[in-house]
Amino acid sequence: MRSALPILLPLAFVIRCAGQTPAVAQYKGLPGVALYSNGYLLSWDNPEFSQVTVCGRDTQPAYSVAEHKDGTYHVAWTVDSDGVAAGVYTVRQAWEGRIDLLDPSGRLTRTIDTGSYIPEHVVFAPDHSIWTVGFKGGNDGSKGDFSVLHHYARSGEELGQALLWSQIAGDRNSYTALAPLIGGRLLFAGNDRIGFQSHTHYGHDTWTEVSFSGILLGNYDLESYAVVSYWPIAMTAGGTVYASIYQDKRFQGWAVLDRANKAWQKIAGSPKGEIIGAEGDNLVFSRREGDWTILQFVPSGSLGVEKLPEDAAAPVVKP
């Protein structure tokens, strides 16, 4: 039995203007949940989550897509830098995976049939190819190994597979561990790697990084939900990973992954608002001011850090 799909809490959001990345941009009257994706806006009508709306670089809505139609359920979306969108979806009562590709006007241009492999998360790589994280339909991990990551060209050609389930398996089955987050993002891409969050263990999640050649670079423990935990929220082009910090289930700021010291460091003196993505090596913060949502692009290198206490640092589990 597959677990219920988790839903992300509302976030304020604004899209950037066309051209070079500005220091600040604004968006008026944005409702619901939203994510920043390569200069484009993905917004859901919270709490119904009945459709997703894509806004262009001009900050205006370009089109909307029904999330639940004819038994089809979209579970994750991403937009490439040229406005091409990819949505992964499943058909209930059948193990059938698909990837929809839409042009910047919202016209469906291609559907990639992934067969019994069910992609639950999707992201565009810098070369415009598509990476997904998912599981094998009918196999909860107890019926043999399978590749968690699949790689596709926009043409629909499968370019490769990587990362066996056994390399990340924990306490939970593959259906639960790799479940989607409607209105959220658990899969990210930088210039030389992809990273994703999975619900592999009871009480805490795992952050996994893999090179574009398929090599497992590391598994990172995201710590205890009930004490101190980390929720990855952005990866810059250079591969720097940022996460929100929760202590006793309360938000406590932002942290950056320090791979050299195998720990998380808390960001000191960050701008007001929420981190809702990255643009190159800039972090994207958003905040509400009346009817307006203000988007601020902040160079990640400009943010100071303070060491977290040793008992709050998430250790790195090497592959």
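Heads up: the structure comes first, above all this text.
Residues numbered from 1 in each chain as written. Predicted model: local features only at pLDDT ≥ 70, side-chain atom pairs only at ≥ 80, totals over all residues. Heavy atoms only, no water.

With that settled, the discussion passes to the overall build of the chain. Assigned secondary structure in the chain consists of one helix and 27 strands. In the chain, buried positions account for 53% of the 319 residues. Of the roughly 13,500 Å² of accessible surface on the chain, a fraction of 49% belongs to carbon and sulfur atoms. (Helix = DSSP H or I, 4+ residues; strand = E, 2+ residues; numbered from the N terminus. Buried < 20%, exposed > 50% of the residue type's maximum accessible area, 1.4 Å probe, protein only. Areas by Shrake-Rupley, 256 points an atom, 1.4 Å probe, with all protein chains shown as cover.)

This paragraph deals with the pairing of strand 21 (residues 250-258). As a general feature of sheets, a regular strand has side chains that alternate between the two faces. In this sheet, strand 21 lies alongside strand 20 (residues 241-247) in antiparallel orientation, the contact comprising five bridges. Its bridge partner lying in strand 21, S244 is registered against W254. Adjacent in sequence and paired antiparallel, strand 20 and strand 21 are bridged by two residues, among which D248 carries a positive phi angle near 50°. (Pairing = 2+ DSSP bridges.)

Attention now moves to the sheet that holds strand 4 (residues 51-55). Pairing is antiparallel in the open sheet, where four strands are placed in the order 2-3-4-5. Bordering the open sheet on either side are strand 2 (33-37) and strand 5 (61-66), each of which pairs with just one other strand. For this sheet, the mean inter-axis angle between neighbouring strands, taken without regard to orientation, is 20°. Judged from the five bridges that link them, strand 2 and strand 3 (residues 40-44) form a sheet pairing that is antiparallel. Paired with A34 across the two strands is S43, which belongs to strand 3. (Axes fitted to C-alpha atoms, helices over the stretch in contact; angles between N-to-C directions.)

This paragraph deals with the sheet that holds strand 13 (residues 147-152). Sheet strands pair via backbone hydrogen bonds, and the direction of the pair is either parallel or antiparallel. Pairing is antiparallel in the open sheet, where four strands are placed in the order 11-12-13-14. The outermost strands of the open sheet, each flanked by one partner alone, are strand 11 (117-124) and strand 14 (158-164). The mean inter-strand angle of the sheet, taken between neighbouring strand axes irrespective of direction, is 25°. Pairing geometry for strand 11 and strand 12 (residues 130-136), over seven bridges, is antiparallel. Bridging across to strand 12, F124 finds its partner in I130.

On to unusual backbone geometry. Cis geometry is adopted by the peptide bond preceding P47, which originates at N46 and carries an omega value of 10°. Within the secondary structure, P47 is located in the loop between strand 3 and strand 4. Not every positive phi belongs to a glycine, and F49 is a case in point at roughly 55°. Within the chain, D248 stands out as a residue other than glycine whose phi angle is a positive 50°. Accessibility expressed as a relative area gives 52% for D248, which makes it exposed.

The element strand 17 (residues 204-211) is extensively covered by neighbouring structure, given that seven of its eight residues are classed as buried. Counting the residues between successive antiparallel strands, the hairpin from strand 16 (residues 193-201) to strand 17 contains two residues, one of them, G203, with a positive phi of roughly 90°. Relative to strand 18 (residues 216-221), strand 17 runs antiparallel, the two being bridged by five bridges. When the bridges of strand 18 are listed, T208 appears paired with N219. Where strand 17 folds back onto strand 18 in an antiparallel hairpin, the turn is made up of four residues, including G214, whose phi is positive at roughly 95°.

Examined against the element boundaries, H121 turns out to sit in strand 11. There is a polar contact of 3.3 Å between the side chain of H121 and the backbone oxygen of L178. Those residues in contact with H121 that sit more than four places away from it in its chain are A76, V88, W131, T132, V133, L178, A179, P180, L181, L186 and L187. (Polar contact = N/O pair within 3.5 Å; in protein donor to acceptor, adjacent residues only side chain to side chain. Contact = heavy atoms within 4.5 Å.)

The next point concerns the packing of aromatic side chains. Enumeration over the complete set of coordinates arrives at ten aromatic pairs. Each ring, one from Y36 and one from F297, has its centre 5.8 Å from the other, and the planes form 70°; the classification is edge-to-face. With Y36 in strand 2 and F297 in strand 25 (residues 292-299), the pair connects residues that are 261 residues apart, well separated along the chain. By relative accessible area, which is 2% here, Y36 ends up buried. By relative accessible area, which is 7% here, F297 ends up buried. An aromatic cluster of three or more residues is present, and its members are W95, F135 and Y175. (Phe/Tyr/Trp six-rings, centres within 6.5 Å; stacked < 30°, edge-to-face > 60°.)

Taken as a whole and assessed by the stated rule, the structure comprises seven salt bridges. With a closest N to O distance of 3.0 Å, D82 and R154 form a salt bridge. Here D82, found in the loop between strand 7 (72-79) and strand 8 (85-91), pairs with R154, found in the loop between strand 13 and strand 14; they are 72 residues apart in sequence, far enough to count as distant. A relative accessible area of 24% means that R154 is categorised as partly exposed. R287 is the partner of E289 in a salt bridge, and the nearest nitrogen-oxygen pair spans 3.0 Å. We classify E289 as partly exposed; its relative accessible area is 43%. Here R287 falls in the partly exposed class, since its relative accessible area comes to 26%. Via salt bridges that share partners, D192, R193, E209 and R259 belong to a single interconnected network. (Salt bridge = Lys/Arg side-chain N within 4 Å of Asp/Glu carboxyl O.)

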